[in-house]
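Summary of structural features
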Amino acid sequence: MGAICFFVLTDLWPWLVISDLCTLTPERFPIMAPLLKLGIPAGSLQEATGELFRRAGYRIKFSSRSYFPTIDDDDIECMLIRAQEMARYVQDGVLDAGLTGHDWIVETGADVHEVTELVFSKVSRRPVRWVLCVPNDSPVQEVKDLQNARIATEVVGMTERFLGEHGVTANVEFSWGATEVKPPQLADAIVEVTETGNSLRANNLRIVAEVLQSTTRFIANHESYRDPQKRQKIDDIALMLNGAIAAEGKVGLMMNVPRDRVEQVLALLPALQNPTVTNLADEQWVDVITVLDETVVRNIIPRLKSAGARGIVEYPLTKVIE
């Protein structure tokens, strides 16, 4: 059996010697291991992240029974990690790169390289906000009123630093969940994350102060980012993710325009940059191509037609690379 195995291996790698059979490791043969270990945030951002990668050109498939999603790129190995823990694992080199919130980088104090900001979330493209809240009928009106108060939150370190900046000492307790329901019986105030504020209002809470605004960040381990191959892969992913985000809510328009009506048509077109105008075989006409917000299309196309444009074609965009 050993001889047969040796024959098969040497048929693939003629330069392999017999002593190498016991030392086949990813370090010696990097072709056998993925180039990049990538952390995908588990939980509320998981599906949004998968959809963003899909629009960027990567297909990630999640399984309810595995923490290792598959991706259609042999150079990448994905792993599901809670966003709260991501920065620490990237800092320690367990992962080469990953996606997490700026809030969790601040909370853990992790030393990582921030490759790019990715403005997307589970609800909207607005940043999420960590806010200091109290019950509607609480006498607290400003941060200094919380001296010696009991405050529940998932971000203990961030909250203590914020209170310290305001000269306030309080009993900050870690909350394992359902933080909104703890005041007034279990806490005088909370520091909680919100996008819309709906949950806070539903629990009769009002905001006293904003502690931090946070967006998703694509981060990398410092050593990994110094590796030329890994850095190129990380930068490529960042470029495609940002391109997918930039294309969200935008469409392309192309149309034929009589040469003597070009100025009237261009005056109607809001664009990322100047529209592209190219000559056609018929010298009396030009082709105009532009990118604009999808929300204005229904209003602008009739005006373009009235201005002389013909053959107007609207097409979806998956990525916009500037």
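Residues numbered from 1 in each chain as written. Predicted model: local features only at pLDDT ≥ 70, side-chain atom pairs only at ≥ 80, totals over all residues. Heavy atoms only, no water.

What about the environment of V131?
Relative to the assigned elements, V131 resides in strand β7 (residues 128-135). Taking C-alpha positions, V131 is 6.4 Å from I207, a pair spaced 76 residues apart along the chain. Filtering out sequence-adjacent residues up to four positions away, V131 remains in contact with I190, V191, E192, T194, L200, I207, A209, E210 and V211. (Helix = DSSP H or I, 4+ residues; strand = E, 2+ residues; numbered from the N terminus. Contact = heavy atoms within 4.5 Å.)

What to know about the sheet that holds strand β13 (residues 250-258)
Sheet architecture is open: four strands sit in the order β14-β15-β13-β16, paired in antiparallel fashion. The open sheet has two edge strands with one neighbour each: β14 (276-279) and β16 (310-316). Averaged over all adjacent pairs, the angle separating strand axes in this sheet is 20°, with direction ignored. Where β14 meets strand β15 (residues 285-293), four bridges bridge the pair, whose relative direction is antiparallel. By the bridge assignment for β15, V277 is matched with V288. Along the sheet, helix α10 (residues 297-306) contacts β13, β15 and β16; its crossing angle with β16, the most-contacted strand, is approximately 160°. (Pairing = 2+ DSSP bridges. Axes fitted to C-alpha atoms, helices over the stretch in contact; angles between N-to-C directions.)

A closer look at α10
Those residues of α10 lying buried are V297, I300 and L304. End-on, the buried residues of α10 take up no more than an arc of 70°, which puts them together on one face. When the buried face of α10 is taken as reference, the exposed residues oriented beyond 90 degrees from it are R298 and S306. Tucked inside the fold, the buried residues of α10 contact β13, α9 (262-266), β15 and β16. Following α10 by one or two positions, G308 adopts a phi angle in the positive range, close to 120°. (Buried < 20%, exposed > 50% of the residue type's maximum accessible area, 1.4 Å probe, protein only. Arc of directions from axis to C-beta.)

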